[in-house]
Amino acid sequence: MTIKSAIRVIGSSTPLNFIGVFLGASIGFATPSLAEQVYVSNEKDNTLSVIDLDTLTVTATIEVGLRPRGITFNKDFSQLYICASDSDSVQVLDVKTQKIIANLPSGVDPEQFALHPNNKDLYISNEDNAIVTVVDTVKREVISQIDVGLEPEGMAISPDGKWVVNTSETSNMLHWIDSDSHELIDNTLVDQRPRHVEFSDDGKTLWASSEIGGTVSVIDVANRTISHVYTFKIPGVYKDKIQPVGITLTHDNRFAFVALGPANHVAVIDIAQQKVIKYLLVGRRVWHLALNGDETRLISSNGISGDVSIIDVKSLTVLKSIKVGRFPWGVAVKP
Amino acid sequence: MNKHPFIATPCLTLWIKLVFALGLRPRMCLCLGLGLGLALSTQITNAAPSVQRDVPVLFLEHVQERPPTLSNIRSAPESSGLDGANVAIADNNTTGRFTGEHYQLTAKLFDDSDGAIAAARVWIDSGNTFIVAKLPAATLLTLSRDEHIAKHAIIFNVSAKDDVLRNEQCQPRLLHTIPSRAMLTDGLAQFLMSKRWKKWLLLRGQREEDKLFSAALKRSAKRFGANIIDEREWQFNSDLRRSAQNEIKLFSQSKDYDVTLIADEIGDIGEYIPYNTWLPRPAAGTQGLTPTGWHWSIEQWGAAQLQNRFTDYAKRDMNDVDYAAWLAVRAIGEAITRTKSNDDTTLYQYLLSDNFQLSAFKGRRLNFRKWNGQLRQPIPLVQPNALISQSPQEGYLHPHSEMDTLGYDRPEVSCAFEAPTL
């Protein structure tokens, strides 16, 4: 399968604008602004949308492989890794030229992944066959494959690089993998359909969302047991529609943000109080979340409405929604 | 359970499918091959607990003869149910690698009721608990009332849609993962009412199950405010394949109706009703827009993964009986994993408790109704090549669970189904 990469310039209504962006693209600078860039994967369009976080407009749309879902940057933000699920490949986008420069071997149906702090090893969930694939991104080869539970999805690596945690959606488990030996060490049973995991910056807690269980579990990393379970309640929204998926935590461990799927809201948790302090109305079926560099902005991908919501973190208000491609899924911010 | 003395000879073709212990699935093998091809240094690691516990499950079927039909229908595969159970056994074993459980399916198929019940007795006498039953209502009732069996068994009904099993005749330790007819017709009725298609012309066949489906439709109409303008039973004995264009037109001649409702479970002539009606109206029921437990076109909430696993294994599409059997075996898996118990009463109590929840690709957590053992679940509405909608529809509210707007609710159920207390 050949995967094309190209840049389409969209959303330029005035000729001057068009020429400016076009020239930029033709000499290899598709993103001339110095503002932060938000990259969004559009699952049903096979594209990425690039948003300028200052002007809050889509500046480029990049064609990638089939059914792009998880996306993540390398440490210096020079490359973006893309799970092209239906191409059975993890693609590497060169951020400067915005061209796909490599397809990494990923195993079948990669959905989410995490990059080890060594900036080299990529841990990939292969949703269709109960395996985690470890890829050396430098040598571009598979180092190891690890058997996990049914429908592996969420993936996170502890800040010290010791633990790799994978969620399996139908086994309802968090699998704890030792990153040195690639051995599966332990399993933590959580509520139905765990989708996403996130370590706190201090590495002491792990947060896991259960989409069908409707809960978020906080796990004590030292003993790998659940220390707290959050539930959610939004007036006027039926309880079964509250389906937590994406989670993101602020670096100071003050807030946790939880995307609640078809409830169309993002929950704001005050971690010290162990309490949901606000629900922010965003677009339809909100999947994933990302914070910008100084954590003043939170970005949510809203699958069904085909847009992203930009949230001001200080005032906890939604500033704007921006139309992207069909079924936006993954979000990553480049400073 | 190595000997099967009760199997009758006509079941010989099904005999091949007996006693499964699943290994790697084809897709997994393919992936491993790819992985190895990509990098020869690839290693597969697996941390398995040292102690293994076996969980035996019996798949018990009373094979039904297919009545002749006028239509050239595609009949349901003989392996319906059994294939779904086998996929769930493999799914449970994927989890079981980490929890130390090994699930084994023993399949026994009979062409008579007595053989099936005798096999169930032997199964329970050998100290087993779980029976996944693809049995007609009468056999199922005999089975679940058998004192010998009922004391220790947990039986999952995966095929009988009869409402009587959930109402007057409900039995303790008999759980239902297939939706009842009332759940199906309520799901359909909610959709029709949301379209404001309130006037129904009901056309039905002569068979007993058609009368039951028709009765369920009438109950749903009353429940949700639809008006059945007429109910007609067909007596066709000519070859409708050649004459439907004229016959159905006359048969459906009536004053204004919004939709024709068809009650024809075996598919005798129902397939010929859409497009041939007197008025240009949509058709729904057992043909046309159809309520069902499952359909191959469902793909949300990760259903695509289940569909892939099923078609890889069975080389065909997954149907509602396969899904009901998959649900039954997965429910067993959840009970075992969460309780860590061998005790049948503890397991049964857990299955009916508020703590039990099953994620099953329909976007809601499923659990059993404490008053009759029916698994609550959304009802997909499908046409042959697409999912059209899924009930409960928006706006149908319920104080306990929106899914309880489908089928008989607690106050309507008269039987004494004693939910165990924890």
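Scroll up to find the structure this text is about.
Analysis parameters
Residues numbered from 1 in each chain as written. Chains lettered and ligands numbered in written order. Predicted model: local features only at pLDDT ≥ 70, side-chain atom pairs only at ≥ 80, totals over all residues. Heavy atoms only, no water. Phe/Tyr/Trp six-rings, centres within 6.5 Å; stacked < 30°, edge-to-face > 60°. Helix = DSSP H or I, 4+ residues; strand = E, 2+ residues; numbered from the N terminus. Buried < 20%, exposed > 50% of the residue type's maximum accessible area, 1.4 Å probe, protein only. Pairing = 2+ DSSP bridges. Axes fitted to C-alpha atoms, helices over the stretch in contact; angles between N-to-C directions.

## Section: the packing of aromatic side chains
Under the defined criterion, the tally for this structure stands at 15 aromatic pairs over all chains. Relative to Tyr-230 of chain A, the ring of Trp-207 of chain A lies with its centre 5.5 Å away and its plane at 15°, an arrangement referred to as stacked. Note that Trp-207 of chain A is positioned in strand E18 (residues 205-210) and Tyr-230 of chain A in strand E20 (residues 225-231), a separation of 23 residues in sequence. In this structure Tyr-230 of chain A comes out as buried when scored by relative accessible area, which is 4%. Here Phe-224 of chain B and Tyr-396 of chain B contribute two aromatic rings whose centre-to-centre distance is 5.3 Å and whose plane-to-plane angle is 90°, an arrangement assigned as edge-to-face. Taken as a pair, Phe-224 of chain B in helix H8 (residues 208-224) and Tyr-396 of chain B in the segment after strand E15 (386-391) lie far apart in primary sequence, 172 residues in all. Using a relative accessible area of 14% as the deciding quantity, one classes Phe-224 of chain B as buried. Members of the aromatic cluster, joined through ring pairs, are Phe-156, Tyr-350, Phe-356 and Phe-368 of chain B.

## A look at the sheet that holds strand E6 (residues 79-84) of chain A
Residue and element names in this part refer to chain A. With antiparallel pairing, four strands are arranged side by side in an open sheet as E5-E6-E7-E8. Two strands in the sheet have a free side with no partner beyond their single neighbour: strand E5 (68-73) and strand E8 (99-105). Going from strand to strand, the sheet's axes swing by 25° on average, the running direction of each strand aside. Here E5 pairs with E6 via four bridges, running antiparallel. Bridging across to E6, Pro-68 finds its partner in Ala-84.

## Overview of the sheet that holds strand E27 (residues 307-312) of chain A
All names here are of chain A. One open sheet holds the four strands; their spatial order is E25-E26-E27-E28, and the pairing between them is antiparallel. Since the sheet does not close on itself, it has two edges, and those belong to strand E25 (286-291) and strand E28 (317-323), each with one partner. The mean angle between the axes of side-by-side strands here comes to 25°, regardless of whether they run parallel or antiparallel. The pairing of E25 with strand E26 (residues 297-302) spans four bridges and is classified as antiparallel. What sits directly across from Leu-289, in E26, is Ser-300.

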